[in-house]
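So you can see what is in the structure, the chains are spelled out below.
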Amino acid sequence: MKIHEIELRKIFDSRGEPTIEVIVIDGEGRRFTAAVPSGKSKGTREVSTFSFEDARVAVDKIRETVAAKVFEGVGEIDAFLLGIDGTPEKKILGGNVMLGVSIAAARALAHGMKREVWELIREEYFSDIVEERVPLILSNFVNGGGHANNNLDLQEYLVIARTNGSVIKTVGKLIDLYRATGEFLKKQYKLNNIPIGDEGGYSLDFPDNFEPLSILEALIDENDLENEFILGLDAAASHFGSEKGYVLEKKKYTREKLVEKYKEYFKKSKLLLSIEDAFGENDTEGFIQLRKAVPEKWVVGDDLTTTNAKEIENHAGEGAINAVIIKPNQIGTIAEACGAIQAARRHGVKIIVSHRSGETEDAFVIELAKACAADGVKIGAPVKERLIKFNELIRLYS
Ligand code: PGA
Ligand code: ZN
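Residues numbered from 1 in each chain as written. Chains lettered and ligands numbered in written order. Predicted model: local features only at pLDDT ≥ 70, side-chain atom pairs only at ≥ 80, totals over all residues. Heavy atoms only, no water.

1. Quick look at the coordination of the zinc ion (ligand 2)
For a metal bound by four donors in tetrahedral geometry, the ideal donor-metal-donor angle is 109.5 degrees, whereas six donors in octahedral geometry ideally sit at 90 or 180 degrees.
Here is step 1 of the chain: Bound to the zinc ion (ligand 2) are the protein donor atoms Asp234 (OD), Glu276 (OE) and Asp302 (OD), situated 2.0 to 2.2 Å from the metal.
Here is step 2 of the chain: Each donor residue of the zinc ion (ligand 2) lies on one chain, and together they are spaced D-x41-E-x25-D. With a gap of 26 residues between them, Glu276 in strand β10 (residues 272-276) and Asp302 in the loop between β11 (298-301) and α9 (309-317) connect regions that are remote in the sequence.
Here is step 3 of the chain: Glu276 sits in the buried class, given a relative accessible area of 2%.
Here is step 4 of the chain: In this structure Asp302 comes out as buried when scored by relative accessible area, which is 1%. (Donors = N, O, S within 2.8 Å, 3.2 Å for Na, K, Ca; no water. Helix = DSSP H or I, 4+ residues; strand = E, 2+ residues; numbered from the N terminus. Buried < 20%, exposed > 50% of the residue type's maximum accessible area, 1.4 Å probe, protein only.)

2. Let's talk about the sheet that holds strand β3 (residues 31-35)
Hydrogen bonds between backbone groups are what pair the strands of a sheet, and the pairing can be parallel or antiparallel.
Here is step 1 of the chain: Reading across the sheet, the three strands line up as β1-β2-β3 and stay open at both edges, with antiparallel pairing between neighbours. Because the sheet does not close on itself, it has two edges, and the strands there are β1 (3-12) and β3. Here the average twist between neighbouring strands, direction ignored, is 20°.
Here is step 2 of the chain: Relative to β3, strand β2 (residues 18-26) runs antiparallel, the two sharing five bridges. (Pairing = 2+ DSSP bridges. Axes fitted to C-alpha atoms, helices over the stretch in contact; angles between N-to-C directions.)

3. Considering the sheet that holds strand β4 (residues 136-143)
Here is step 1 of the chain: With respect to topology, eight strands assemble into a closed barrel ordered β4-β5-β6-β10-β11-β12-β13-β14, the strand pairing being mixed. Strand-to-strand twist in this sheet, taken as the mean axis angle between neighbours without regard to direction, amounts to 30°.
Here is step 2 of the chain: Of the pairings in the sheet, the one linking strand β5 (residues 156-161) to strand β6 (residues 229-234) comprises six bridges and is antiparallel in character. Residue Glu156 lies in a different strand from β6, and its bridge partner there is Asp234.
Here is step 3 of the chain: Contacting β4, β5 and β6, helix α5 (residues 167-188) crosses the sheet at an angle of about 15° to β4. (Contact = heavy atoms within 4.5 Å.)

4. Let's talk about the side chain of Ser38
Here is step 1 of the chain: Here Ser38 shows up in the loop between β3 and α1 (52-66).
Here is step 2 of the chain: Among all residues touching Ser38, those that are not within four sequence positions of it are Asp13, Arg15, Asn329, Arg356, Ser357 and Gly358.

5. Observations concerning the nonpolar core
Here is step 1 of the chain: Ranked by size, the top nonpolar core spans 139 residues in total, and within it Ile121 and Tyr262 carry the most contacts.
Here is step 2 of the chain: By residue number, the principal contributor to this core is helix α3 (residues 95-112), which donates 11 residues.
Here is step 3 of the chain: Once residues within four sequence positions are removed from consideration, Ile121 is found in contact with Val74, Phe126, Ile334, Cys338, Phe364, Leu368 and Ala371. (Core = buried A, V, L, I, M, F, W, Y, C linked by side-chain atoms within 4.5 Å.)

6. A look at the site of ligand 1
Here is step 1 of the chain: Near ligand 1, the surroundings consist of 15 residues, among which Lys40, Ser41, His147, Arg356 and Ser357 are the closest.
Here is step 2 of the chain: Side-chain polar atom of Glu276 to an oxygen atom of ligand 1: 3.1 Å apart, as the coordinates give it.
Here is step 3 of the chain: For ligand 1, the protein covers 100% of the area, taking 280 Å² as the surface of the free molecule.
Here is step 4 of the chain: Residues belonging to the shell around ligand 1 are distributed by class as follows: no nonpolar, five polar and 10 charged. (Near = heavy atom within 4 Å. Polar contact = N/O pair within 3.5 Å; in protein donor to acceptor, adjacent residues only side chain to side chain. Areas by Shrake-Rupley, 256 points an atom, 1.4 Å probe, with all protein chains shown as cover. Nonpolar A, V, L, I, M, F, W, Y, C, P; charged D, E, K, R; others polar.)

7. Structural notes on the pairing of β2
Here is step 1 of the chain: Most of β2 is tucked away: eight of the nine residues are buried.
Here is step 2 of the chain: Of the strand pairs in this sheet, β1 and β2 are connected by nine bridges, and their pairing is antiparallel. Its bridge partner being in β2, Arg9 is matched across the sheet by Glu21.
Here is step 3 of the chain: Where β1 folds back onto β2 in an antiparallel hairpin, the turn is made up of five residues, including Gly16, whose phi is positive at roughly 80°.

8. Let's talk about helix α8 (residues 284-293)
Here is step 1 of the chain: All of the buried residues in α8 are Thr284, Gly286, Phe287, Ile288 and Leu290.
Here is step 2 of the chain: Residues of α8 that are buried sit in contact with α7 (255-268), β10, β11 and α9.

9. Topic: the packing of α9 against helix α11 (residues 334-346)
Here is step 1 of the chain: With their axes 8 Å apart at the nearest point, α9 and α11 run at an angle of 15° to one another. Classified by the angle their axes make, α9 and α11 are roughly parallel. Helix-helix and strand crossings are classified by hand; for α9 and α11 the assignment is right-handed. Between α9, through Ala309, Ile312 and Glu313, and α11, the contact on the second element is made entirely by Gly339, Ala340, Ala343, Ala344 and Arg346.
Here is step 2 of the chain: Considered class by class, the residues forming the contact of α9 with α11 number five nonpolar, one polar and two charged. (Parallel < 35°, antiparallel > 145°, perpendicular 65-115°, else oblique. Left-handed = near helix turned anticlockwise from the far one by under 90°.)

10. A word on the packing of aromatic side chains
The way to describe two aromatic rings as a pair is by their centre distance and the angle between their planes.
Here is step 1 of the chain: Tallied over the full model, the rule gives 11 aromatic pairs.
Here is step 2 of the chain: Measuring from ring centre to ring centre gives 6.3 Å for Tyr125 and Phe126, while their planes differ by 50°; the resulting arrangement is tilted.
Here is step 3 of the chain: Measuring from centroid to centroid gives 5.7 Å for Tyr189 and Phe206, while their planes differ by 85°, and the two rings are edge-to-face. Placement of Tyr189 in the loop between α5 and α6 (211-222) and of Phe206 in the loop between α5 and α6 is noted, with a sequence separation of 17 residues between them.
Here is step 4 of the chain: Residue Phe206 is classed as buried on the basis of its relative accessible area of 4%.
Here is step 5 of the chain: An aromatic cluster of at least three residues, connected via ring pairs, comprises Phe210, Phe240, Tyr246, Tyr262, Tyr265, Phe279 and Phe287.
Here is step 6 of the chain: Here the basic side chain of Lys268 rests over the ring of Phe210, its NZ or CZ set 4.2 Å away from the ring centre.
Here is step 7 of the chain: Over the ring of Tyr397 we find Lys370; its NZ or CZ atom is 4.6 Å from the centre of that ring. (Phe/Tyr/Trp six-rings, centres within 6.5 Å; stacked < 30°, edge-to-face > 60°. Lys NZ or Arg CZ within 6 Å of the ring centre and 35° of its normal.)

Shown next, in the form of structure tokens:
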């Protein structure tokens, strides 16, 4: 496949912030597009994000040599981009520009080969996978932290859906539960309207950080849905502390006290399976202690690991995580995201492919999840622009 031209467009994400869309035009004049999402609660080790103006300069750099190349695989496209950039932070081309080109070019390649993008990625990086499985769906019902204007310190309260039969049925039930949750909250807190956070979750004030879990658990119980729905959290703890100490509900916590607090959460909520970024992104010791305290639960890295193969390798080796978030724009190319997934698989670390809080209508993350037979996908509340990812799940898994 030859890339004849690359175009760039400024578009807006779901928060109304500018982001970029890349259009790759192949040798036959066909156009392939990819839009790049953006995070708000970002890890400091994530690669750089260029403004539209800087992105134009970066695309000019790629244009200088791209026309002379013939690409036969996803890895070749990404090796070409990495060859131009050559910095771990993606300072020359920008992680968002590289990812846009990486995905749009992979789409061009797949089209030329009459294949699906996920099939190409599977063949190049995960050819050992034999069993197809539908990932768990981690759906964000209540938003707090940096994604909302309420009093919750924890960022995300996730309903985790297990698909036993059909994806459409599971998504339908998840939507019903989401609506029932809204109705319950309106009654309980005597509200006519409930504020909605960045990822579509309810974002009102609660008496404390545990209350949303307890409400969701009760609703799942009442509706006899325990076989299908369980619960997860994303603390995004870098927002309320670090290895030096944490502040939750206006009270100070040491790392050890925070481990105790989470242990209590797991004790009180029998449906709670997972917690992401339970400690600050440099507080590896906190993760290690929590893993020991709740060995059968998922202790998930996101800001801690930033889709970086080396970080995943190190943190898995230290016993800090047994599950990891994969966000392609934390690292910048499909090839490197797949490298991160391979590192996780080598260590038996569960893989959760995730959207960002500022999203677009691009559903590449679902294709990536399918390619690597991910354990889970984290895609927000089943509402508004987030439904694009749910619908892509329905398409790819039915
Ligand atoms: P972000 O948050 O996309 O705003 O970084 C999502 C998350 O922390 O998982
Ligand atoms: Zn997170």
